[in-house]
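Observations on chain architecture
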Amino acid sequence: MRRRLLSQLRVPLPHAPLLRAPLLPRAAVAALAVLAATLAATVAALGPLPARADAGPSPSPAARARASAAGGQPYASYWYPKTILNWDPATDPDARFNRSRVPLRPRTSDPALRANPNARAGEGRIASLVSFAPTSGNPSQGALDAGYYAFTYWQYVDTLVFWGGSAGEGLILAPNPTVIDAAHRNGVKVYGTVFFPPTAYGGQIGWVRDFVVRSGATYPVADKLAEVAKYYGFDGWFVNQETAGGDAALATELRSFMKYARSKGQVEFMWYDAMTESGAISWQDALTPANDAFLSDPDRVSDAMFLDFGWGAGALRSSRDLARSLGRDEHDLYAGIDTEAGGYNTGVPWEAVFPSGQPHVTSLGIYRPEWTWKSSSGPADFRARDSRFWVGANADPSDTSTTSSWKGLAHYVAESTPVTAKPFVTGFNTGHGDFYNVGGVRVRDGGWNNLSLQDVPPTYRWLVTSSGSRLTPSIDYGDA
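Residues numbered from 1 in each chain as written. Predicted model: local features only at pLDDT ≥ 70, side-chain atom pairs only at ≥ 80, totals over all residues. Heavy atoms only, no water.

1. With respect to the packing of helix α5 (residues 220–232) against helix α6 (residues 248–263)
- Contact geometry for α5 and α6: axes closest at 9 Å, N-to-C directions at 40 degrees. Classified by the angle their axes make, α5 and α6 are oblique. Note that α5 runs across α6; the crossing there is right-handed. For the pair α5 and α6, contact is made by V221, A222, D223 and L225 and by F257, Y260 and A261, respectively.
- Class assignment of the residues belonging to the contact of α5 with α6 gives a composition of six nonpolar, no polar and one charged. (Axes fitted to C-alpha atoms, helices over the stretch in contact; angles between N-to-C directions. Helix = DSSP H or I, 4+ residues; strand = E, 2+ residues; numbered from the N terminus. Parallel < 35°, antiparallel > 145°, perpendicular 65-115°, else oblique. Left-handed = near helix turned anticlockwise from the far one by under 90°. Contact = heavy atoms within 4.5 Å. Nonpolar A, V, L, I, M, F, W, Y, C, P; charged D, E, K, R; others polar.)

2. Digging into the packing of aromatic side chains
- All chains considered together, the criterion is met by 34 aromatic pairs.
- Where F238 meets F306, the ring centres are 5.9 Å apart and the plane angle is 75 degrees; that geometry is what we call edge-to-face. Within this pair, whereas F238 is found in strand β6 (residues 236–241), its partner F306 is found in strand β8 (residues 304–307), the two being separated by 68 residues in sequence. The exposure classification of F238 matches that of F306, with both residues buried.
- Judged by centre distance (6.0 Å) and plane angle (55 degrees), the rings of Y272 and F306 are tilted. Of this pair, Y272 sits in strand β7 (residues 268–272) while F306 sits in strand β8; the two residues are 34 residues apart in sequence, bridging distant segments of the chain. Like Y272, the residue F306 is buried in the burial classification.
- In this structure, R255 packs its charged tip against the face of F294, placed 5.4 Å from the ring centre. (Phe/Tyr/Trp six-rings, centres within 6.5 Å; stacked < 30°, edge-to-face > 60°. Buried < 20%, exposed > 50% of the residue type's maximum accessible area, 1.4 Å probe, protein only. Lys NZ or Arg CZ within 6 Å of the ring centre and 35° of its normal.)

3. Observations regarding α5
- Taking 1.5 Å of rise per residue, 13 residues should cover 18 Å, and α5 covers 18 Å from first to last C-alpha, within 8% of that figure.
- Looking one or two places after α5, you find G233, whose phi comes out positive at around 90 degrees. (Expected span 1.5 Å × (residues − 1).)

4. A short note on empty space enclosed by the protein
- Under the defined criterion, the tally for this structure stands at four cavities of 30 Å³ or more.
- Roughly 60 Å³ of internal volume is contained in the second largest cavity.
- Lining the second largest cavity, in full, are T152, T426, F428, N429, T430, Q454, D455, V456, P457, P458, R461 and I475.
- Split into classes, the residues belonging to the lining of the second largest cavity amount to five nonpolar, five polar and two charged. (1 Å grid on protein atoms, 1.4 Å probe; cavity = no way out; pocket = protein on both sides within 12 Å on 5 of 7 lines; lining within 4 Å. Points joined across faces, edges and corners; volume = space filled by probe spheres on them.)

5. Focus on unusual backbone geometry
- Residue P423 follows K422 across a cis peptide bond; omega there is 0 degrees.
- Structurally, P423 can be placed in the loop between α10 (379–391) and β11 (432–438).
- Each neighbour pair has its own omega, and for R461 with W462 the value is -20 degrees, a cis peptide bond.
- With respect to the helices and strands, W462 occurs in the segment after β12 (441–449).
- Positive phi, normally seen in glycine, also occurs at F428, with a value near 60 degrees.
- Overall, F428 belongs to the partly exposed group, its relative accessible area being 22%.

Right, here's the structure in full:
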């Protein structure tokens, strides 16, 4: 995307679950503690990864496979269009560690149960584009490091895009299973990323052409994308084509590619507003006659479109009208906002997408909300920033009154919840911490992260009503 950066600041975040009720049997949890100790040795043996592709050569997928076969830490899969054709879970030593078996959980959003009177249910959705780590540096099963974007506000998100890809590492990035586990447990879909960079960042139009090569009536890379998604257990792909040099024929092939892959019934696509039907890179900041064929032509092409950041009220209204004329829900359009540099200090024309007292015009796409972690000064600051980002300055989704233009996403979008039956049981585990207890007994000191162990958090954080002194609830990270 324009202004795309892959900087990453690691901030340690302590955690200890309250009233721990493991999702795994105690024997399995104890085994994880042993595995963590083993990982410590292998992480030390592997040495630090480069923070960016341009900071030094990254291990190739083949080198990673050799390291894994030798007992090294496994990592999430990443490829180029030609190298993904060689992927086979039977021969990839990391494949079994990258597999999520948590199904997408159903959830509900009842307008009668919304916390905020301004929020609307069943209209605009939220897609969150998150870079958890550089493309080549996403551990498959967590790591011995508490500093991680351990996201917990799933109730406001419908789709999480596992953001990544670079010319120097790989263009196609599959999400790791820890993120899939946590997202699916909360009813949130997960997409991997296909990123064709601008030529200024190493993009090559040949890579795009490799992507859409046909073999008879099939697209081999599309078959692999569907196979990867099915085997690893995630839901789709975000396609970000920003490499110049294409033409109308290439644009047509990309549309045919997505329709072919979708016809297999295993994978969804979100298309980024960059390439037009002429093949040129020309951001529209809207759904227009120049790019609407990537949504429908007239058959369904992509499941959603992410509109670049320059939209305004008029552009979104015309986008809504055009989507409807194509027989598509306007909420399949995600108006993008770029929060990578400014977080909740980003200026957003909220009334254009979520007008007060009126139906949502489109959905919202948030680029890089992990700013709340990267910009924080420490654990408490991260938690405060994440709360303000999602539920507003008062840490109460029912009260988003503030002088700031950023009221929090809870002001606009009603909570969705996977908690649809009693009993609701949680240990408040947020998926990272500075020590690990099993059955109340300390089995390991030291930082760790693993979102597979994250509990389903309470849907409403925090709602407090009192006629006397107001309590301030929080999660205790200092004890278990």
